[in-house]
Amino acid sequence: MPTGCNNKTFINHTYANFFECDAEINAILNKNSINLQNCTIFVSLYPCSETAKIIIQSGIKEVVYLPDPKSYKEPATKKMFDASGVEIREHTPNENIKIDFFHHAKLDRPVADLSGGNLFMAIAYLTSKRSKDPVCQVGACIVNSDNKIVGTGYNGMPTGCNDDEFPWGKSSKSNKFIYVCHAEMNAVFYKSSMINVKDCTLYTTRFPCIECGKIIIQSGIKDVVYLKNPKNGKEEDRATKEMFNASGVKLYEHEQNLVITLDFA
Ligand SMILES: O=c1ccn([C@H]2C[C@H](O)[C@@H](COP(=O)(O)O)O2)c(=O)[nH]1
């Protein structure tokens, strides 16, 4: 529903469909960069013609959609995209993704509860899966006070240093620690352009190390939510806590107790 239109009131309205904002509209209007020229939009349904017009007018140059045999492919959408030079292509994920946070999941809910930070932690977790670190994959997600995602990151080699070529070992001959950029650092530096992360919240799947702690403080982030893990509580964590305390950064432990399955079938 549009901002300000209470979901519960409008959802039961006889003409509920009239009020609903399509996902694409929300993605385009809630963007964080100045313009969407040459951007790609990923959508879970083939866009209808109304949405296609908005996509074209926004400057988006590519649409990637999930194939769904049940959904109708409006021919006008393709006709308009072709005329306006917007590429459209289907994306078939080659595997389903199960986000199982440390296996201590409650399976009693048919629909995942993505409130209370669960969504942002899930996005941090999903982002971590892009890391090529064979031992430890970390993900982070920065959210502003309007609950909009402004940055994500995972542990990887610096820009230009190929993740498949730089070492991921721990020995003196092959030492990842010299090179690797931590997830939190990447989330801060790879935030959407022009966005200030001052007063934002950072969600991370690992308790931030002291070096990331410094970057977090200097960037102006005010809240850090980390995933509960029995490995937390090391000496090093105490140093991060001390710095956060002194700098007014609030720390929250997040217990993710659900399993989210991304079933693309
Ligand atoms: O706050 C942190 C701490 C660590 N990381 C990254 C750096 C490495 O790639 C791994 C840790 O590897 P281990 O073999 O488990 O020591 O995690 C991070 O992104 N953020």
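Residues numbered from 1 in each chain as written. Predicted model: local features only at pLDDT ≥ 70, side-chain atom pairs only at ≥ 80, totals over all residues. Heavy atoms only, no water.

- Under an unreviewed UniProt entry, the protein chain has the name Probable deoxycytidylate deaminase and belongs to Macrosiphum euphorbiae.
- If you open the UniProt record of the protein chain and go to Function (unreviewed entry), you find "Supplies the nucleotide substrate for thymidylate synthetase." (UniProt positions renumbered as here; feature names shortened; annotations may be inferred.)

1. With respect to a positive patch on the surface
- Taken together, Lys170, Arg206, Lys231 and Lys234 make up a surface patch of like positive charges.
- The residue Arg206 is located in the loop between strand E7 (201-204) and helix H9 (210-219) in this model.
- Residue classification places Arg206 among the partly exposed positions, given a relative accessible area of 39%. (Patch = residues over 30% accessible without salt bridge, like charges linked within 9 Å, V, L, I, M, F, W, Y side chains within 5 Å. Areas by Shrake-Rupley, 256 points an atom, 1.4 Å probe, with all protein chains shown as cover. Salt bridge = Lys/Arg side-chain N within 4 Å of Asp/Glu carboxyl O. Lys, Arg positive; Asp, Glu negative; His and termini not counted. Charge placed at Lys NZ, Arg CZ, Asp CG, Glu CD. Helix = DSSP H or I, 4+ residues; strand = E, 2+ residues; numbered from the N terminus. Buried < 20%, exposed > 50% of the residue type's maximum accessible area, 1.4 Å probe, protein only.)

2. Section: the packing of helix H4 (residues 49-58) against helix H5 (residues 75-84)
- Contact pair H4 / H5: the axes reach a minimum separation of 9 Å and the direction vectors enclose 15°. The angle between H4 and H5 places the two elements in the roughly parallel class. The interaxial crossing formed by H4 with H5 has right-handed handedness. Residues Ser49, Ala52, Lys53, Ile55 and Ile56 of H4 lie in contact with H5, whose contacting residues are Ala76, Thr77, Met80, Phe81 and Ser84.
- For the contact of H4 with H5, a count of residues per class yields 6 nonpolar, 3 polar and 1 charged. (Axes fitted to C-alpha atoms, helices over the stretch in contact; angles between N-to-C directions. Parallel < 35°, antiparallel > 145°, perpendicular 65-115°, else oblique. Left-handed = near helix turned anticlockwise from the far one by under 90°. Contact = heavy atoms within 4.5 Å. Nonpolar A, V, L, I, M, F, W, Y, C, P; charged D, E, K, R; others polar.)

3. Observations concerning H5
- Sitting at the head of H5, Glu74 places a side-chain oxygen 3.2 Å from the backbone nitrogen of Ala76.
- Looking one or two residues past H5, Gly85 carries a phi angle of roughly 75°, positive in sign. (Polar contact = N/O pair within 3.5 Å; in protein donor to acceptor, adjacent residues only side chain to side chain.)

4. Section: the packing of H9 against helix H10 (residues 235-247)
- At their nearest, the axes of H9 and H10 sit 9 Å apart, and the two run at 15° to each other. Judged on the interaxial angle alone, H10 and H9 are roughly parallel. Judged by the sense of rotation from one axis to the other, the crossing of H9 with H10 is right-handed. Contacts between H9 and H10 involve Ile210, Gly213, Lys214, Ile216 and Ile217 from the former and Glu236, Ala239, Thr240, Met243, Phe244 and Ser247 from the latter.

5. Points about the environment of Asp237
- Mapped onto the elements of the fold, Asp237 is located in helix H10.
- On the basis of relative accessibility, which here comes to 4%, the residue Asp237 falls in the buried class.
- The contacts of Asp237, once residues within four sequence positions are left out, are Phe207, Lys231 and Asn232.

6. Considering the pattern of salt bridges
- Per the counting criterion, the structure on display carries 10 salt bridges.
- The salt bridge involving Arg89 is made with Glu62; its shortest N-O contact spans 2.7 Å. Of the two residues, Arg89 sits in strand E3 (residues 87-90) while Glu62 sits in strand E2 (residues 62-65), which places them 27 residues apart along the sequence.
- Arg89 gets classed as partly exposed once you look at its relative accessible area, which sits at 39%.
- A salt bridge links Lys228 to Glu255; the shortest N-O distance between them is 3.9 Å. Here Lys228 is found in the loop between strand E8 (223-227) and H10, whereas its partner Glu255 is found in the loop between strand E9 (250-254) and strand E10 (259-262), with 27 residues between them in sequence.
- With a relative accessible area of 34%, Lys228 lands in the partly exposed category.
- Take Glu255: its relative accessible area is 43%, and that puts it in the partly exposed class.

7. Digging into the sheet that holds E8
- Pairing within the open sheet is mixed, and its 5 strands lie in the order E6-E5-E7-E8-E9. Strands at the two margins of the open sheet, each flanked by one partner only, are strand E6 (149-154) and E9. Along the sheet, successive strands turn relative to each other by an average axial angle of 15°, direction set aside.
- As defined by bridge partners, E7 adjoins E8 across 4 bridges and the pair is classed as parallel. The residue of E8 that forms the bridge with Thr201 is Asp223. (Pairing = 2+ DSSP bridges.)

8. Concerning the layout of surface pockets
- In this model, the second largest pocket occupies a volume close to 790 Å³.
- Along the wall of the second largest pocket there are 31 residues; nearest its centre are Val135, Cys136, Gln137, Val138 and Arg206.
- For the lining of the second largest pocket, the secondary structure elements donating two or more residues are helix H6 (118-128), helix H7 (176-179), helix H8 (183-189) and H10.
- The residue makeup of the lining of the second largest pocket, split by class, is 14 nonpolar, 7 polar and 10 charged. (1 Å grid on protein atoms, 1.4 Å probe; cavity = no way out; pocket = protein on both sides within 12 Å on 5 of 7 lines; lining within 4 Å. Points joined across faces, edges and corners; volume = space filled by probe spheres on them.)

9. What to know about unusual backbone geometry
- Notably, Asn38 is not glycine yet its phi reads approximately 65°, a positive angle.
- Mapping Asn38 onto the fold places it in the loop between helix H3 (23-29) and strand E1 (40-43).
- Classification of Asn38 as exposed rests on a relative accessible area of 60%.

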